[in-house]
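Fold and geometry: a report
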Amino acid sequence: MIKNNIGGIMKKYIGIISIILIFCFILSGCAGTGANNGENAGNATTTDAQDETPAAVYDENGLVTITYDDKEESGYGSAELKVSGRYSSGKKITVTIPEGQHFLAITIAKDVLEESILYLKNDKFSYTVPSSFTASYPSDMQRTGCVISARIPTVDELSANHNLALNTSDLVNAKNIYPHATSNNVYQDNNSPEWQARNIIDGFTQNTAHGTYPYQSWGPNSTVASKDYVKIDFGHDVSVEELILYIRADFDHDGYWGSCTVEFSDGSTMDINGIKKTNKAQTFTFDAPIVTSSLKFSGFEKGSNSVGDWCAWVELQATGTEIVSGIGG
């Protein structure tokens, strides 16, 4: 009797334990499935949000594609393309970035031209090789195997102080690519690259002579009227803290302007006085950062001891930060 009771009790306990183990196994499986579903749901939600508002997401690792002369190179975040042979006049360099993105850091000749942070109105950079590089570019632009280097700048770069006006690949007829320099008064009407407005934002500051590279400048006619101007467009709002100016200082062939007026995109103006007869950089700091999408200089007045007939500017830098909607700007 005692043995039979023990056997019955043991069978009963084994049955209960088995039920508990099965139940625990089922719970464990359900919990694991729930966790996986949660992860997948999170990923799906993120993807959906990105698909709905791609322009609101600044993607430093977006696809960059460079094309030139039927050759193409792509990369996520950056890309480089080595030119076969020399640049050919009339051929186009094209760089595309993801739709909704606007900023591109680029040089069309790595280790020759400084990299510039550009603002694109659409998602494409386009540059037509000019008929000659000799007038306003280094001779190395004509060497074999120049490297085009393009990348998406980081948020930290855009938010840090830098020269907002720099564009080493600006062209007279550039469209939707900024910064861009223009003027209504250029000696020989833009037909000579060494006098074009683009030269004041090309990154070269040698200013003790006049003429072709390395002394290219914005060179207007000897007579400059009050309505004549040189203008830098940024393509969007930026915050400017100071201006750094290099006048052309080929004295006494050159005179100089001792003052001018700068107009901002909202129509407000500010006088710039105290421009000196020097080949050194001259810095003009604003009392507070100014938000503007352009800088237009006019009202040029010769300095008191200006001797030469010609006045010109070699380089104009605008120190400040980009204003970028959605990424802290």
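We now turn to the structure provided with this report. Predicted model, so just to flag it, every value in this text is computed and none were measured.

All right, on to the sheet that holds strand β7 (residues 124-128) then. Spatially, 4 strands are ordered β2-β1-β4-β7 in an open sheet, and the strand pairing comes out antiparallel. Unpaired on one side and paired on the other, β2 (71-76) and β7 mark the two borders of the sheet. Taking the axes of each pair of neighbouring strands and ignoring which way they run, one obtains an average angle of 10° across the sheet. Looking at chain direction, strand β4 (residues 92-96) and β7 are connected through 5 bridges and run antiparallel. Residue pairing across strands places Val-95 opposite Phe-125, the latter belonging to β7.

Pairing is antiparallel across the open sheet formed by 5 strands, whose spatial order is β3-β8-β5-β6-β10. Edge positions in the open sheet fall to β3 (78-82) and β10 (177-178), since each of these has one partner strand only. Summarising the sheet, strand β6 (residues 116-120) and β10 pair through 2 bridges and their orientation is antiparallel. Paired with Tyr-119 across the two strands is Tyr-178, which belongs to β10.

A few words on unusual backbone geometry. Omega for the peptide link from Tyr-213 to Pro-214 comes to 10°, which places this bond in the cis form. Within the secondary structure, Pro-214 sits in the loop between β11 (180-183) and β12 (230-247). In this structure, Asp-252 follows Phe-251 across a cis peptide bond, with omega equal to 10°. For Gln-188, which is not glycine, the phi dihedral falls at a positive 65°. Its place among the elements puts Gln-188 in the loop between β11 and β12.

Attention now goes to the packing of aromatic side chains. Each aromatic ring pair is characterised by the separation of its centres together with the angle its planes make. With the rule as written, the count across this model stands at 15 aromatic pairs. An angle of 75° between the planes, with centres 4.9 Å apart, marks the rings of Phe-133 and Tyr-137 as edge-to-face. Since its relative accessible area comes to 5%, Tyr-137 is described here as buried. Their ring planes at 75° and their centres at 6.1 Å tell us that Trp-218 and Trp-313 sit as a pair that is edge-to-face. Placement of the pair is Trp-218 in the loop between β11 and β12 and Trp-313 in strand β16 (residues 313-322), with a sequence separation of 95 residues. A relative accessible area of 1% means that Trp-218 is categorised as buried. Cluster of aromatic residues (ring-pair linked, three or more members): Trp-218, Trp-257, Phe-297, Phe-300 and Trp-313. We note Lys-277 situated over the ring of Phe-251; from NZ or CZ to the ring centre the distance is 5.1 Å. Its guanidinium or amino end placed over the ring of Tyr-229, Lys-296 lies 4.6 Å from that ring's centre, counting from NZ or CZ.

Each value, and the rule that gives it
All residue numbers refer to positions counted from 1 along the written sequence of the respective chain. Local features in this predicted model are restricted to residues whose pLDDT is 70 or higher, and side-chain atom pairs enter the listing and the counts only when it is 80 or higher, whereas totals over whole chains, interfaces and linings include all residues. Excluded from the side-chain calculations are hydrogens and water; all other atoms, namely the structure's heavy atoms, are used. Strands qualify as paired when DSSP identifies two bridges or more between them. The helix and strand labels rest on DSSP assignments: H or I over at least four residues marks a helix, E over at least two residues marks a strand, and numbering proceeds from the N terminus. Axes here refer to lines fitted to C-alpha atoms; in helices the fit is confined to the stretch in contact. Angles between the N-to-C directions go from 0 to 180 degrees. Only the six-membered ring of Trp is used, alongside the rings of Phe and Tyr, when aromatic pairs are assigned; centres must lie within 6.5 Å, and planes under 30 degrees apart are stacked while those over 60 apart are edge-to-face, with the rest tilted. Classification of residues uses two cut-offs on accessible area relative to the type maximum, computed with a 1.4 Å probe and protein chains only: under 20% is buried, over 50% is exposed, and between them is partly exposed. To sit over a ring, a charge needs its Lys NZ or Arg CZ within 6 Å of the ring centre and within 35 degrees of the ring normal.

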